[in-house]
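# Residue-level structural notes
Residues per chain, in single letters:
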Amino acid sequence: MAKFKIKKDLTDADMLKGYKEETFADKMMAGHEGEVTRSVKTGRVKAEGVTKDAFYREFFTEKMESQIGKLLLAVKMDYFKDGYGDFSIQVKRDGMNIVLETAPKKRK
């Protein structure tokens, strides 16, 4: 069994030189390289994309995307009826819920 010498008086930066922390998302992305495809059976996106955005889109089904799109269109029409041309959307997390908040864009 070989003995390793531990160098004394090293700074934190010196001790961690060459170390890269690998997060859960990095581990999941490691196996997903290539193109994005949608499963015919489930309608879910199979994330094999080059970007992280493709991986994040895996959580949306086609049905969910269309439901959100319909609701956002209804909100846009309500803003239009109130005299606003466009609106902005902010996505926030509230505990275990994802909240979409809308607000009218300021006129120039």
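Here goes a summary of the coordinates provided.

Thresholds applied
- All chains use their own residue numbering, which begins from 1 and follows the written sequence.
- At least 70 in pLDDT is required for a residue's local features to be given in this predicted model, at least 80 for side-chain atom pairs to be given and counted, and no such filter applies to totals for whole chains, interfaces and linings, which use all residues.
- Neither water nor hydrogens contribute to the side-chain values; these are computed over all heavy atoms in the structure.
- For patch building, the residue pool is restricted to those with more than 30% relative accessible area and no salt bridge; the joining distance is 9 Å between like charges and 5 Å between nonpolar side chains (Val, Leu, Ile, Met, Phe, Trp, Tyr).
- Using a 1.4 Å probe, accessible areas were evaluated by the Shrake-Rupley method; residue-level cover was limited to the displayed protein chains.
- Counted as salt bridges are all cases of a side-chain nitrogen of Lys or Arg within 4 Å of a carboxyl oxygen of Asp or Glu.
- Starting at the N terminus, helices and strands are each numbered in turn, a helix being any DSSP run of H or I of at least four residues and a strand any DSSP run of E of at least two.
- Exposure categories follow from relative accessible area, calculated using a 1.4 Å probe and restricted to protein chains: below 20% of the type maximum is buried, above 50% is exposed, and the middle band is partly exposed.
- By this definition, two strands are paired if DSSP reports at least two bridges between them.
- In summary, the pairing rule links any two rings of Phe, Tyr or Trp, Trp by its six-membered ring, whose centres are within 6.5 Å, and it sorts them by plane angle into stacked for under 30 degrees, edge-to-face for over 60 and tilted for everything else.

## A short note on a nonpolar patch on the surface
A surface patch of nonpolar side chains, about 450 Å² in accessible area, is lined by Leu 10, Met 15, Leu 16 and Tyr 19. Relative to the helices and strands, Tyr 19 is located in the loop between helix 1 (12–15) and helix 2 (24–30). Look at Tyr 19 and you get exposed, because its relative accessible area is 60%.

## Topic: the pairing of strand 3 (residues 87–94)
As paired elements, strand 3 and strand 4 (residues 97–104) share eight bridges and run antiparallel to each other. Note on strand 4: the bridge partner recorded for Phe 87 is Pro 104.

## Here's the deal with the packing of aromatic side chains
Between two aromatic rings, the relevant description is the distance of the centres plus the angle of the planes. All told, the structure shown has two aromatic pairs when counted by the stated rule. A ring pair is formed by Tyr 79 and Tyr 84, whose centres lie 6.2 Å apart and whose planes are at 85°; its orientation type is edge-to-face. Here the aromatic rings of Tyr 79 and Phe 87 are separated by 5.5 Å at their centres, their planes lie at 25°, and the arrangement is stacked. Overall, Phe 87 belongs to the buried group, its relative accessible area being 10%. Following the ring pairs from residue to residue traces out a cluster consisting of Tyr 79, Tyr 84 and Phe 87.

## With respect to the pattern of salt bridges
Taken as a whole, this structure holds three salt bridges when the rule is applied. Of the charged contacts, one joins Lys 76 and Asp 86 as a salt bridge, the two residues approaching to 3.9 Å between their closest N and O atoms. Placement of Lys 76 in helix 4 (residues 62–81) and of Asp 86 in the loop between helix 4 and strand 3 is noted, with a sequence separation of ten residues between them. Classification of Lys 76 by relative accessible area gives partly exposed; the value is 36%. Put simply, Asp 86 and Lys 105 hold a salt bridge, and the shortest N to O gap is 3.9 Å. Remark: Lys 105 occurs in the segment after strand 4 and Asp 86 occurs in the loop between helix 4 and strand 3; sequence separation between them is 19 residues. Look at Asp 86 and you get partly exposed, because its relative accessible area is 34%. Each of Lys 76, Asp 86 and Lys 105 takes part in salt bridges that share partners, so that together they form one network.

## Some points on unusual backbone geometry
In this structure, Asp 9 is a non-glycine residue whose phi angle is positive, near 60°. On the secondary structure map, Asp 9 appears in the segment before helix 1. Since its relative accessible area comes to 81%, Asp 9 is described here as exposed.

These values are about where atoms sit, not about what they do.
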